[in-house]
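One letter stands for each residue in the lines below.
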Amino acid sequence: MIVSSFYKYVEIKNPEKFQIEQLDFCKKLGVKGKVLVSKEGVNGSISGTEEQIKEYKKELTRNKLFKDLKFKDTISEEHPFRKTIVRVRKEIVSSGLKIELRNKGKYISPEELNNLIESNEDFILLDARNNYESKIGKFRNALTPDIETFKEFRKAAKELNNFKGKKIVTYCTGGVRCEKASAFLKENGFSNVFQLEGGIINYINQFPDRHFQGRCFVFDDRLSIPTGKNTKDITICELCHVPSGRYINCANKKCDNLFVCCEDCDLKFKHYCSKNCRATAF
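Residues numbered from 1 in each chain as written. Predicted model: local features only at pLDDT ≥ 70, side-chain atom pairs only at ≥ 80, totals over all residues. Heavy atoms only, no water.

Q: Can you break down the environment of Leu-126 residue by residue, with the values?
A: Within the secondary structure, Leu-126 is located in strand E7 (residues 124–127). Between the alpha carbons of Leu-126 and Phe-139 there is a distance of 9.0 Å; along the sequence they are 13 residues apart. Those residues in contact with Leu-126 that sit more than four places away from it in its chain are Leu-143, Pro-145, Phe-153, Leu-160, Ile-168, Val-169, Thr-170, Tyr-171 and Leu-185. (Helix = DSSP H or I, 4+ residues; strand = E, 2+ residues; numbered from the N terminus. Contact = heavy atoms within 4.5 Å.)

Q: Hey, could you go over unusual backbone geometry for me, with residue numbers and the actual values?
A: Despite not being glycine, Leu-223 shows a phi value in the positive range, around 70 degrees. The topology assignment puts Leu-223 in the loop between strand E12 (216–217) and strand E13 (224–225). Here Leu-223 falls in the buried class, since its relative accessible area comes to 13%. Phi at His-271 is positive, roughly 75 degrees, even though this residue is not glycine. (Buried < 20%, exposed > 50% of the residue type's maximum accessible area, 1.4 Å probe, protein only.)

Q: Summarise the environment of Gln-22; cite the residues concerned and give the values.
A: One can find Gln-22 in helix H1 (residues 15–29). You can call Gln-22 buried: its relative accessible area is 7%. Those residues within four positions of Gln-22 in sequence are excluded, and the remaining contacts are Val-35, Tyr-56, Leu-60 and Val-86. Among the polar contacts made by the side chain of Gln-22, one reaches the side chain of Tyr-56 at a distance of 2.5 Å. (Polar contact = N/O pair within 3.5 Å; in protein donor to acceptor, adjacent residues only side chain to side chain.)

Q: With reference to specific residues and values, describe the sheet that holds strand E10 (residues 193–196).
A: The four strands are arranged E6-E10-E9-E7 in an open sheet whose pairing can be described as parallel. Here the strands that pair on one side only, and so sit at the sheet edges, are strand E6 (106–108) and E7. Neighbour-to-neighbour, the strand axes of this sheet turn through a mean angle of 35 degrees, independent of strand direction. Sheet analysis places E6 next to E10, joined by three bridges and oriented parallel. By the bridge assignment for E10, Tyr-107 is matched with Gln-195. Packing against the sheet, helix H3 (residues 110–118) makes contact with E6, E7, strand E9 (168–171) and E10, and its axis sits at approximately 75 degrees to E6. (Pairing = 2+ DSSP bridges. Axes fitted to C-alpha atoms, helices over the stretch in contact; angles between N-to-C directions.)

Q: Describe the packing of aromatic side chains, listing the residues and the values that go with them.
A: In this structure the tally under the stated criterion is 14 aromatic pairs. Judged by centre distance (6.2 Å) and plane angle (35 degrees), the rings of Phe-25 and Tyr-56 are tilted. Placement of Phe-25 in helix H1 and of Tyr-56 in helix H2 (residues 50–60) is noted, with a sequence separation of 31 residues between them. Both residues of the pair, Phe-25 and Tyr-56, count as buried. Taken together, the aromatic side chains of Phe-139, Tyr-171, Tyr-203, Phe-207 and Phe-212 make up a single cluster linked through ring pairs. (Phe/Tyr/Trp six-rings, centres within 6.5 Å; stacked < 30°, edge-to-face > 60°.)

Q: Give a description of the nonpolar core that names residues and reports values.
A: Phe-150, Phe-153 and Leu-185 are the most contacted members of the largest nonpolar core, which has 23 residues in total. For this core, the secondary structure elements donating two or more residues are strand E1 (2–9), E7, helix H5 (153–157) and helix H6 (176–186). The dominant element in this core, judged by the number of residues it contributes, is H6, at six residues. What Phe-153 contacts, discounting residues up to four positions off in sequence, is Leu-97, Leu-126, Ile-147, Ala-181, Phe-184 and Leu-185. Core analysis: the second largest hydrophobic core is formed by 21 residues, Val-10, Phe-18, Ile-53 and Phe-71 among them. (Core = buried A, V, L, I, M, F, W, Y, C linked by side-chain atoms within 4.5 Å.)

So this is what it looks like as structure tokens:
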């Protein structure tokens, strides 16, 4: 299966109409995934066969609003989504940030970032993702704010005031969060702000096994993906403490805890995060 993610900040005058059209087309085509629509744009991730994804891209880019839309593709052995969801939201990524996206930071390509890192230039790489995402993978020497949701980025940015005069490159999984983060920083006194175009997925597709360490968290049933053929885990299994970057959810539905678990412990403890969860699951 091909998993294709995309986003674009662009004014959609009638998101409700667009939502209906998208849902109908996705179901007709047979793709699965989640697409969020709002007046500020679209943000989605879908999965299907190579032919289905090709047809979806062709159809979406027929719309003049999305003719220049860029997709980031990864591979999955099966559908990582259980159904098709297309919803209208106030924002295409919840932030609570009142910003003007025209103030966003300039795009920096994966190649430009790679050159910047290898030149040893003094700059800040800022992770705009949540703490559980950066726990299993991040760029070397990146700043990783301790936030549980993107809505907390405003609070995290206050701790960066000492870096207002430095070059800052924001990044996230696919670009949708770091674009808003870069605009927020620029509107709050950070003058030299850039954003990684296409996010981590775009980078690792072009430069696997380079400057991104560990695995990349994804918001589908896979939960994480390798970032090259020689991905090395940067954290440990929470049950046996061997190196692992593999997330699962506790099988006890009352718990549903997201935790790092190696394959051996997953089998041994039957998908539970603790003996207590296993004992009280029924």
